[in-house]
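Coordinate inspection notes
Single-letter residue listing:
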Amino acid sequence: MDKNNQLPFQDLDEDAALHGILEGTATETGERFFAALVENLAKAMNTYGAWVTEYIKESRRLRALSFWLGGEFVYDYEYDIAGTPCEAVIEGASLVHFPDNIIELFPDNPTLKEVGAVSFMGVPLMDLDGRILGHLSVLDKRPMPQEPRALALFRIFAARAAAEHQRLRAESEVRESEEKYRRIVETAEEGFLLMDKNLTIGEVNDAYCRMTGYSREEIIGKTPFDFATEDYRTFLAANKDELVSKDYRELEGAVVAKDGHTIPILVHGNMLRNDKGAVIGNMAFVTDMTEHKKSLTLAAEVQRSLLPQESPHIQGLDIAGKTVTSDEIGGDYFDYLSGQECPNDHFGVVVGDVTGHGVDAALLMTTARAFLRMRASQCGSISQIITEMNRHLALDVLDSGRFMTLFYLTIDPENKQLHWVRAGHDPAIIYDPTEDKFEELKGSGLALGVEEEISYEENIKSGLAAGQIIAIGTDGIWEAQNKDGEMFGKERFRKIIRQKANARAHDIINAVYSDLNEFTIGLRPEDDITLV
């Protein structure tokens, strides 16, 4: 019988139909897949038309991804589902079959009349969450009998169409997401670097190019090492394995611009992984910290001006002090009090350490210094001075959680005595080289700012002798760590003092800082470091 005279689905050979549709669509994807699907589906099932659509939920419309009708493709076809048999497919989310009299069932639909449609069958295309993606339909000018084999075949290719639909939608969402983030990255004021597992730069945004003065072509294929200052390059090289092992890292450094000037930067880096968790690369946002550093540099200059500018000359004493901050400004503090403000006063040394470091610690340190100097000029014992200083600070910082440790020492060379107050600070040490003996200047007392109503005790030691070394430091010395996580420790500190016992105070301090730098090479200081 002539196939044109056969009813749809009549004498359907499922195997042949399945083979025909598979063969027609096997090598195609996307729009070409849908075109091959509807053409081969219409031919295999002997229907006048077949089409696959995308559902636009907001407007309740269907847009044909491909439409085969009467032996040719219909392009740019979109329609409202109201009053169409497709509405039943979408709204019911199930297969719908109208075997005959389709125009009588939908008399207000002009398209069915124009085509001369008699029968219709459609099935929704849904994603894994049951959301309607679109539908697959066939129609004919003849009745379309109920044929279980045809329905089963139809469902098979609806499932294949749904899978391709989901793949295309996923690709579209990925493209939209990539484009969204590309626009974000390109318009960001921060520099952006996309790197592979070996930190080779594969993509860079305009902001980074403007920051450094290099073109995109001059940056692609290089690594951050190529633009780093010598110190920053040393740091990166020493810590590369640790840095690339972290999913997230934040660090400060500096790069050299094309014109040779140095740019301080803040880097926020992330490791990139695929859906299986394997590392596929790295990305970093790079912030130019030049203006921020200018402000901090100015603040650091002010802070340095508050520290002793030279060592005092006191008969019978050799004195030196030094502080190094982990940031531009810090919370460590040392000062010399001349002891000439009041009768019977003696030369004093103060070393303090505010919790944390940075701007807020520096502000608290400045406040403490101002009050201590003011109160010391009004006379009184050192225990009275520190007790009143604590009361003042406690009112300022009690709710902030911050506090300050402090060691206040006065030296009476004439009577060979030391007087001190220890407010939560590490004990000062005395080394007597004639006996090769260390002694700690201990004493009770909470850190300043912890409790308002507390009285501090004054401690006294007699028997000072020539050649003895008194050292007051902050915990940034002995708590400094190397790359293996090992602390510098007080034993190393004491060993240096023992070895340099015959040197000048200035040389002892330089030896301590030199050994610290060597011990922590490749690492940035985690805390401020002060030694008197």
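Refer to the structure printed above.
Now for a look at the structure at hand. Everything quoted here is computed from the prediction, not taken from an experiment.

Burial along strand β20 (residues 459-462) is one-sided: the face carrying Asn459 and Lys461 is buried and the face carrying Ile460 and Ser462 is not. With 4 bridges joining them, strand β17 (residues 417-423) and β20 adopt antiparallel strand pairing. Across the sheet, the residue bridging to Leu418 is Lys461, located in β20.

Take a nonpolar patch on the surface next. Judged by side-chain polarity, Phe403, Leu446 and Val450 come together as a nonpolar surface patch covering roughly 220 Å² of accessible area. Relative to the elements of secondary structure, Val450 occurs in the loop between β19 (437-441) and β20.

It is worth spelling out unusual backbone geometry at this point. Of note in this structure, Arg60 is not a glycine but carries a positive phi near 55°. Among the secondary structure elements, Arg60 is positioned in the loop between β1 (49-56) and β2 (61-69). Its identity is not glycine, yet Lys416 carries a phi of approximately 55°, on the positive side. Within the secondary structure layout, Lys416 lies in the loop between β16 (404-412) and β17.

Let us look at the packing of helix α13 (residues 489-499) against helix α14 (residues 505-519). Helices that pack against each other are described as a pair by the angle of their axes relative to one another and the distance between those axes. Taken N-terminus to C-terminus, the directions of α13 and α14 make an angle of 140°; their axes are 9 Å apart at the nearest point. Classified by the interaxial angle, the pair formed by α13 and α14 is oblique. In terms of crossing hand, the pair formed by α13 and α14 is right-handed. Seen from α13, the contacting residues are Arg492, Phe493, Ile496 and Ile497; seen from α14, they are Ile508, Ala511, Val512, Asp515 and Phe519. Tallied by class, the residues present in the contact of α13 with α14 amount to 7 nonpolar, no polar and 2 charged.

Turning our attention to the sheet that holds strand β9 (residues 201-204). Pairing between the strands of a sheet is mediated by backbone hydrogen bonds and can be parallel or antiparallel. As summarised here, the arrangement of the 5 strands in space is β9-β8-β12-β11-β10, forming an open sheet in which the pairing is antiparallel. Edge positions in the sheet fall to β9 and β10 (248-256), since each has one partner strand and no second. Neighbouring strand axes in the sheet, compared pairwise and without regard to direction, differ in orientation by 25° on average. Direction of pairing for strand β8 (residues 191-195) relative to strand β12 (residues 279-288): antiparallel, over a ladder of 5 bridges. Across the sheet, the residue bridging to Leu193 is Ala284, located in β12.

Here we come to the nonpolar core. In terms of nonpolar packing, the biggest core is built from 26 residues, with Leu41, Met121, Leu125, Leu136, Val138 and Phe154 touching the most fellow members. At the level of secondary structure, the elements contributing two or more residues to this core comprise α2 (30-44), β1, β6 (119-126), β7 (132-140) and α6 (148-187). For this core, the element with the highest residue contribution is α6, accounting for 8 residues. Not counting residues within four places of it along the chain, the set of residues in contact with Leu125 comprises Val52, Thr53, Arg131, Ile132, Leu133, Gly134, His135, Leu136, Ala158, Ala161, Ala162 and His165. Listed in part, the 25 residues of the second largest apolar core include Ala368, Leu406, Tyr408 and Ala423.

Rules behind the numbers
Residues numbered from 1 in each chain as written. Predicted model: local features only at pLDDT ≥ 70, side-chain atom pairs only at ≥ 80, totals over all residues. Heavy atoms only, no water. Buried < 20%, exposed > 50% of the residue type's maximum accessible area, 1.4 Å probe, protein only. Helix = DSSP H or I, 4+ residues; strand = E, 2+ residues; numbered from the N terminus. Pairing = 2+ DSSP bridges. Patch = residues over 30% accessible without salt bridge, like charges linked within 9 Å, V, L, I, M, F, W, Y side chains within 5 Å. Areas by Shrake-Rupley, 256 points an atom, 1.4 Å probe, with all protein chains shown as cover. Salt bridge = Lys/Arg side-chain N within 4 Å of Asp/Glu carboxyl O. Axes fitted to C-alpha atoms, helices over the stretch in contact; angles between N-to-C directions. Parallel < 35°, antiparallel > 145°, perpendicular 65-115°, else oblique. Left-handed = near helix turned anticlockwise from the far one by under 90°. Contact = heavy atoms within 4.5 Å. Nonpolar A, V, L, I, M, F, W, Y, C, P; charged D, E, K, R; others polar. Core = buried A, V, L, I, M, F, W, Y, C linked by side-chain atoms within 4.5 Å.

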